[in-house]
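Residue strings, one per chain:
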Amino acid sequence: MIHAAFMNFLEHRILQEGIVKEGNILKVDSFLNHQIDMGIMKEIAHEFQCRFKDCPFNKILTIESSGIAIATLLGFFHDVPVVFAKKAETANCTDDKYVSTAYSFTHRRKNHVFVSRPYLQATDRVLIVDDFLADGEAAHALIDLVHQAGASVVGIGIAIEKAQQKGGDTLRAEGYRLESIAIVESMDACSQSVRFRPQN
């Protein structure tokens, strides 16, 4: 276990309340994925505000549903619109939309995700934000939506990255600016231990 002095606020909270389950699953339902702790949401949003302060953007894009709280607070701080890619078709959905596909590691299924065309424009500089990064499927689907619109991705902000999976390494190798607040290096369900990658 890493010495507490080198941990950030999110790593501390994961150690306090996170539950490691078999299959490389980290449950943080008590403060992020089911019950939302507004104090830590503010800290996450402020952290992204600091990390991307030299990277101007005019729109934030996330995917429903757990990334919405983080994206909304960050959008409030920056006074920019927040768009979230929808996973479910409804009666009032338009055919005029960008569509991509993402496999959900947690739910073990593919989702068609979409954004209505009026909400992503070619002139947009988009910051992508999400709660988790595992294999990078959701992030790549969001990137695809941005590119379909002719807009540009200025960065990707992730609350918790699972370094045991390929998503983070792939996105960095592709040249995207990826900022993850907590990077989980390894975790064990038997001992309920979590190790984090040291960050500057």
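Below you will find a few notes about this structure.

So, how was this worked out
- Residues numbered from 1 in each chain as written.
- Predicted model: local features only at pLDDT ≥ 70, side-chain atom pairs only at ≥ 80, totals over all residues.
- Heavy atoms only, no water.
- Helix = DSSP H or I, 4+ residues; strand = E, 2+ residues; numbered from the N terminus.
- Rg over C-alpha atoms; globule rule 2.2 N^0.38 Å.
- Buried < 20%, exposed > 50% of the residue type's maximum accessible area, 1.4 Å probe, protein only.
- Contact = heavy atoms within 4.5 Å.
- Areas by Shrake-Rupley, 256 points an atom, 1.4 Å probe, with all protein chains shown as cover.
- Lys, Arg positive; Asp, Glu negative; His and termini not counted.
- Charge placed at Lys NZ, Arg CZ, Asp CG, Glu CD.
- Salt bridge = Lys/Arg side-chain N within 4 Å of Asp/Glu carboxyl O.
- Axes fitted to C-alpha atoms, helices over the stretch in contact; angles between N-to-C directions.
- Left-handed = near helix turned anticlockwise from the far one by under 90°.
- Nonpolar A, V, L, I, M, F, W, Y, C, P; charged D, E, K, R; others polar.
- Phe/Tyr/Trp six-rings, centres within 6.5 Å; stacked < 30°, edge-to-face > 60°.
- Lys NZ or Arg CZ within 6 Å of the ring centre and 35° of its normal.
- Pairing = 2+ DSSP bridges.
- Parallel < 35°, antiparallel > 145°, perpendicular 65-115°, else oblique.

### Considerations on the overall build of the chain
A tally of helices and strands in the chain yields 6 helices and 10 strands. Since a compact globule built from 200 residues should have a radius of gyration of about 16 Å, the 16 Å found for the chain is in line with a globular shape. Each of the three principal axes of the chain carries a C-alpha extent, and together these read 50 × 35 × 35 Å. Counting over 200 residues, the chain shows a buried share of 48%. Contacts in the chain between residues far apart in sequence, at least 24 positions, make up 62% of those at least 6 positions apart. Of the roughly 9,900 Å² of accessible surface on the chain, a fraction of 51% belongs to carbon and sulfur atoms. In the chain, 21 side chains carry a positive charge and 25 a negative one; their mean positions are 1 Å apart.

### Focus on the pattern of salt bridges
Applying the stated criterion to the full structure yields 11 salt bridges. Put simply, Glu 17 and Arg 13 hold a salt bridge, and the shortest N to O gap is 2.7 Å. Taken together, the residues span about one helical turn, with Glu 17 and Arg 13 both in helix α1 (residues 9–17) at a distance of 4 residues. When its relative accessible area of 29% is taken as the criterion, Glu 17 is described as partly exposed. On the basis of relative accessibility, which here comes to 15%, the residue Arg 13 falls in the buried class. Linked through salt bridges whose partners overlap, the residues forming this network are Glu 47, Arg 51, Asp 54, Arg 177 and Glu 179.

### Here we look at the environment of Leu 178
Mapped onto the fold, Leu 178 is located in strand β9 (residues 178–188). You can call Leu 178 buried: its relative accessible area is 10%. Each C-alpha atom of the pair Leu 178 and Ala 71 lies 15 Å from the other, and the pair is 107 residues apart in sequence. In contact with Leu 178, other than residues within four places in its own chain, are Leu 133, Ile 156, Ile 158, Glu 161, Gly 168, Leu 171 and Arg 172.

### Side note on the packing of α1 against helix α3 (residues 38–51)
The description of two helices packed together rests on the angle between their axes and the distance between the axes. Their axes nearest at 10 Å, the elements α1 and α3 cross at an angle of 145 degrees. The way α1 lies across α3 gives a crossing that is left-handed. Note on element contacts: α3 touches α1 through Ile 40, Glu 43, Ile 44 and Glu 47, opposite Phe 9, Leu 10 and Arg 13. For the contact of α1 with α3, the residue count by class is 4 nonpolar, no polar and 3 charged.

### Some remarks on the packing of aromatic side chains
A complete count under the given rule lists 2 aromatic pairs for this structure. Each ring, one from Phe 48 and one from Phe 52, has its centre 6.3 Å from the other, and the planes form 50 degrees; the classification is tilted. Taken as a pair, Phe 48 and Phe 52 share a single burial class, namely buried. Between the aromatic rings of Phe 76 and Phe 77, the centroid separation amounts to 6.1 Å while the plane-to-plane angle is 55 degrees, which identifies the pairing as tilted. Judged by relative accessible area, which is 63%, Phe 76 ranks as exposed. Sitting over the face of the ring of Phe 114, Lys 97 holds its NZ or CZ atom 5.4 Å from the ring centroid.

### Brief notes about the sheet that holds strand β3 (residues 59–63)
Taken together, 6 strands build an open sheet; the order of strands is β4-β3-β7-β8-β9-β10 and the sheet is mixed. Two strands in the sheet have a free side with no partner beyond their single neighbour: β4 (82–85) and β10 (193–196). Adjacent strand axes in the sheet meet at a mean angle of 25 degrees when their direction is disregarded. Here helix α5 (residues 137–148) sits on the sheet and contacts β3, β4, β7 (125–133) and β8 (152–162); the angle it forms with β7, its principal contact strand, is near 165 degrees.

### Quick notes on the packing of α3 against helix α4 (residues 68–78)
Viewed as axis vectors pointing N to C, α3 and α4 meet at an angle of 55 degrees, and their least axial separation amounts to 9 Å. If you check the angle between α3 and α4, you find them oblique. Every pair of crossing elements has a handedness; the one defined by α3 and α4 is right-handed. Side by side, α3 and α4 meet where Met 38, Met 41, Lys 42, Ile 44, Ala 45, His 46, Phe 48 and Gln 49 of the first sit next to Ala 69, Ile 70, Leu 73, Leu 74, Phe 77 and His 78 of the second. Residue composition of the contact of α3 with α4, by class: 10 nonpolar, 3 polar and 1 charged.

Structural measurements only, silent on function.
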